[in-house]
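These are the residues of each chain, in order.
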Amino acid sequence: MPLGANSQPLPSDCMMNGSSPRRASGPVASSGGTWPGGRSGMKSGTSRPVHLPASPSHHTYALRSLQGVPSGAAEQAAEQGADPGPPAKMKRKEYEAHMRILHGELVAMQEWVKASGAKICIVFEGRDTAGKGGTIKRITERVSPRVFRVVALPAPTEREKSQMYIQRYVAHFPAAGEVVIFDRSWYNRAGVEPVMGFCTPEETERFFELVPGVEKAMADNGILLLKYWLEVSPDEQTRRLESRIHDPRKIWKLSPMDLKSYSRWYDYSRARDAMFAA
């Protein structure tokens with residue numbers, strides 16, 4: 001997605017998602033950029049934390065792709081930085097105490113949205129198994145479904161494919177007093193669709209050209225647009241997919257698309273980097 005010069009810290013793999021709570025620590029790399037579209041809700045002047053993969057070769061690739069570091073410097077950084085492993089788990093009692101405070105803040109925001117007639121649109125994007133669904137679940141579990149609405153659209157129908165690309169998303173934009181959360185969004189055109197061959201390169205480039213204008217129109221109409229990218233390492237993605245395969249309580253989360261996209265890690269990395277750089 002077209003990005004500017006600055007970014008706000010985005011949720012890491014462990015923050016408020018559905019897996020075991022973990023502290024927001026561990027190996028990270030920063031890359032600048034903000035999401036497009038006028039008042040996106042992103043503050044400037046900070047960096048985007050992204051968890052790096054475990055092996056030195058993966059470290060080298062991530063450093064190169066995210067920061068454009070010369071290969072020699074990337075290899076040296078990978079050699080010097082011993083992998084500390086996954087971040088330490090937060091104790092359940094401590095986690096619940098933090099969540100109680102955050103849920104209270106969300107309820108306070110909900111009352112402000114209702115009283116002021118604010119219109120808030122939140123977009124969650126990221127890799128498969130990065131925690132989008134779990135994060136959304138934590139956000140919505142203590143607020144009113146009359147105010148907070150989650151939109152997770154299925155694959156487009158033949159009729160929707162014939163429409164203007166953004167058209168099926170516009171119908172779900174928030175009215176006054178609503179918070180709409182997109183579990184994936186129109187940014188599929190910059191991520192999963194080009195990687196999986198569902199659109200042409202020309203269609204993706206056209207999307208990059210048009211989306212800033214669409215999001216500016218949203219902002220001009222009073223919609224506060226907040227967009228987040230969630231990242232996950234290859235090892236953690238493997239662990240989560242295996243958990244979905246072997247746990248009958250999670251098998252519903254596993255889709256044929258997950259298995260097809262699993263082998264295209266670097267294709268997704270390149271699509272993500274192109275999206276942030278456009």
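Note that the structure is predicted; figures quoted are calculated from it, not measured.

**Q** Got a minute to help me understand the overall build of the chain in this structure?
**A** When helices and strands are counted, the chain shows 11 helices and six strands. For the chain, long-range pairs separated by at least 24 residues make up 77% of all intrachain contacts whose partners lie at least 6 apart in sequence.

**Q** What is the right way to read the pairing of strand 6 (residues 223-230) from this model?
**A** If a strand is regular, its side chains alternate between the two faces of the sheet. Among the eight residues of strand 6, seven are classified as buried, and the element is accordingly described as predominantly covered. By the bridge criterion, eight bridges tie strand 3 (residues 119-126) to strand 6 in an arrangement that is parallel. By the bridge assignment, glycine 126 is partnered in strand 6 with leucine 230.

**Q** Please explain the sheet that holds strand 6 as it appears in this structure.
**A** Whenever strands of a sheet pair, they do so through backbone hydrogen bonds, lying parallel or antiparallel. Taken together, the four strands give an open sheet; going across it, the order is 4-5-3-6, and neighbouring strands pair in parallel fashion. Edge positions in the sheet fall to strand 4 (148-151) and strand 6, since each of these pairs with one other strand and no more. Taking the axes of each pair of neighbouring strands and ignoring which way they run, one obtains an average angle of 15° across the sheet. With four bridges connecting them, strand 4 and strand 5 (residues 178-183) associate as parallel partners. Each bridged residue has a counterpart across the sheet, and for phenylalanine 148 the counterpart in strand 5 is valine 179.

**Q** Can you help me understand helix 4 (residues 132-140) in this one?
**A** Listed in full, the buried residues belonging to helix 4 are Lys132, Gly134, Thr135, Ile136, Arg138 and Ile139. Looking at the buried positions of helix 4, the neighbouring elements they touch are helix 3 (92-116), strand 3, strand 4, strand 5 and strand 6.

**Q** Looking at this structure, how should I read the environment of threonine 135?
**A** In this structure, threonine 135 sits in helix 4. Between the C-alpha atoms of threonine 135 and leucine 230, which are 95 residues apart in sequence, the distance is 9.7 Å.

**Q** Please clarify how unusual backbone geometry should be interpreted in this entry.
**A** With glycine set apart, most residues show a phi of negative sign, and most peptide bonds adopt trans. Of note in this structure, threonine 129 is not a glycine but carries a positive phi near 70°. Summarising the element assignment, threonine 129 is placed in the loop between strand 3 and helix 4. According to the relative accessible area criterion, threonine 129 is buried, its value standing at 6%. The phi dihedral of arginine 184 is positive, around 70°, even though this residue is not glycine. Within the secondary structure, arginine 184 is located in the loop between strand 5 and helix 7 (192-196).

**Q** Teacher, can you tell me more about the confidence of the model for the chain here?
**A** Predicted coordinates in regions of low pLDDT should not be interpreted in detail. Mean pLDDT for the chain: 77, with 69% of residues reaching 70 or above. Note on residues 1-75: pLDDT is under 50 here. Beyond four places in sequence and across chains, it has 208 contacts.

**Q** Honestly, the packing of aromatic side chains in this entry has me stumped. Any pointers?
**A** Here the distance between the centres and the angle between the planes together describe a pair of aromatic rings. For the structure shown, the criterion picks out 12 aromatic pairs. When the ring of phenylalanine 182 is compared with that of tryptophan 186, the centres are 5.3 Å apart and the planes differ by 75°; the resulting orientation is edge-to-face. Look at phenylalanine 182 and you get buried, because its relative accessible area is 0%. Ring-pair connections join several aromatic residues into one group, and the members of that group are Tyr165, Tyr169, Phe173, Phe182, Trp186, Tyr187, Phe207 and Phe208. Over the aromatic face of tryptophan 265 sits the side chain of arginine 127, whose NZ or CZ is 3.5 Å from the ring centroid. Of note, arginine 189 hangs over the ring of tyrosine 165, and the distance from its end group to the ring centre comes to 4.0 Å.

**Q** Is there a simple way to explain helix 11 (residues 265-277) in this structure?
**A** Count 3.6 residues to each turn of an α-helix, and residues three or four apart come out pointing the same way. Over its 13 residues, helix 11 runs 18 Å from end to end, which matches the ideal 18 Å to within 8%, given 1.5 Å per residue. Residues of helix 11 that are buried include every one of Trp265, Tyr268, Ser269, Ala271, Arg272, Asp273, Met275 and Phe276, and no others.

**Q** Any chance you could explain the pairing of strand 5 here in plain terms?
**A** Pairing of strand 3 with strand 5 involves six bridges; the strand directions are parallel. Within the sheet, the bridge partner assigned to valine 123 lies in strand 5 and is phenylalanine 182.

**Q** Teacher, can you tell me more about the pattern of salt bridges here?
**A** Any two side chains of opposite charge can pair, given that their charged atoms come close. For the structure on display, the rule yields 20 salt bridges. Note that glutamate 158 and lysine 161 form a salt bridge whose closest N and O atoms lie 3.4 Å from each other. One end of the pair is glutamate 158 and the other is lysine 161, both in helix 5 (residues 158-161) and three residues apart, which spans about a single turn. Take glutamate 158: its relative accessible area is 61%, and that puts it in the exposed class. Looking at lysine 161, the relative accessible area reads 53%, which means it is exposed. The partner of arginine 270 in a salt bridge is aspartate 267, with the nearest N and O atoms 2.7 Å apart. Highlighted residues: arginine 270 and aspartate 267, both in helix 11, separated by three residues, approximately one helical turn. You can call arginine 270 partly exposed: its relative accessible area is 46%. The structure contains a network of salt bridges with shared partners spanning Arg127, Glu231, Arg272 and Asp273.

Rules used in this analysis
Residues numbered from 1 in each chain as written. Predicted model: local features only at pLDDT ≥ 70, side-chain atom pairs only at ≥ 80, totals over all residues. Heavy atoms only, no water. Helix = DSSP H or I, 4+ residues; strand = E, 2+ residues; numbered from the N terminus. Contact = heavy atoms within 4.5 Å. Buried < 20%, exposed > 50% of the residue type's maximum accessible area, 1.4 Å probe, protein only. Pairing = 2+ DSSP bridges. Axes fitted to C-alpha atoms, helices over the stretch in contact; angles between N-to-C directions. pLDDT = per-residue confidence, 0-100. Phe/Tyr/Trp six-rings, centres within 6.5 Å; stacked < 30°, edge-to-face > 60°. Lys NZ or Arg CZ within 6 Å of the ring centre and 35° of its normal. Expected span 1.5 Å × (residues − 1). Salt bridge = Lys/Arg side-chain N within 4 Å of Asp/Glu carboxyl O.

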